[in-house]
Every structure is written in C-alpha cells, then in structure tokens.
Amino acid sequence: MIENAEQLKEKALDNKDDLKKKFVNIPIGDDEYGFRLAGIGGKAVKLEKYVKYDEIMAAIDEGHDEGLEAIIKELIENFEKEEENEE
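A quick note: this is a predicted structure, and the numbers were derived from the prediction, not measured. (Residues numbered from 1 in each chain as written. Predicted model: local features only at pLDDT ≥ 70, side-chain atom pairs only at ≥ 80, totals over all residues. Heavy atoms only, no water.)

The subject of this paragraph is the sheet that holds strand β3 (residues 45-48). Taken in spatial order, the three strands make up an open sheet running β1-β2-β3, and their pairing is antiparallel. A strand with exactly one partner marks an edge of an open sheet, and here the two such strands are β1 (23-28) and β3. With strand direction ignored, the average angle separating the axes of adjacent strands in the sheet is 45°. Pairing analysis gives six bridges linking β1 to strand β2 (residues 31-40), with the strands arranged antiparallel. When the bridges of β2 are listed, Val 24 appears paired with Phe 35. (Pairing = 2+ DSSP bridges. Helix = DSSP H or I, 4+ residues; strand = E, 2+ residues; numbered from the N terminus. Axes fitted to C-alpha atoms, helices over the stretch in contact; angles between N-to-C directions.)

So this is what it looks like as structure tokens:
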C-alpha cells in the first residue's frame, strides 16, 4: 500500500508508459468527464481533456450550468487581459 508521495511517484514513474494510456473519470457538477493521463513526471501527473466549443454551447443549451463546459464558458466570458507593468 502506498503511504507517501515518494512511493506514489516511484510507482507512477515505473509504470509511466502504461499509465499514459489510461483515463480517469472525474465528476464535475452533475456529469462525469474522462481525462487522459497525459504526462507522468517527477513532480506531478498531467491530466488532459479536449472540450470543443460546440460541446460547450450544446451543454449550456441543455441546461448543464454547473459542469465543466459551464466553467470553461464562464472563464472565457469573464477573461480580461492583464496589462503589463512598465518599469
């Protein structure tokens, strides 16, 4: 049984090639989304998921206002570019 971060990292790195083929399902809102284990590194695991713009809008139109699509839409809608500070 894995009991600390170092053991977890060692097992992940030992199985890196096979783990990168796996998906993990994560519940967000009322839905569950599949993320690919895109990277297994010495410090972290990278999750990846492509969400198409038409999927975002279709989910919103269907009333899914607490799922991943709604979160992404809100992030894009509310994004304001930060101004660079001149020194």
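A word on the side chain of Glu 69. With respect to the helices and strands, Glu 69 occurs in helix α4 (residues 68-77). Salt bridges are absent for the buried Glu 69, whose nearest opposite-charge side chain, Lys 49, sits at 6.9 Å. In this structure Glu 69 touches Tyr 33, Val 51, Glu 55, Ile 56, Ala 59 and Ile 60, once residues within four positions along its chain are discounted. (Buried < 20%, exposed > 50% of the residue type's maximum accessible area, 1.4 Å probe, protein only. Lys, Arg positive; Asp, Glu negative; His and termini not counted. Salt bridge = Lys/Arg side-chain N within 4 Å of Asp/Glu carboxyl O. Contact = heavy atoms within 4.5 Å.)

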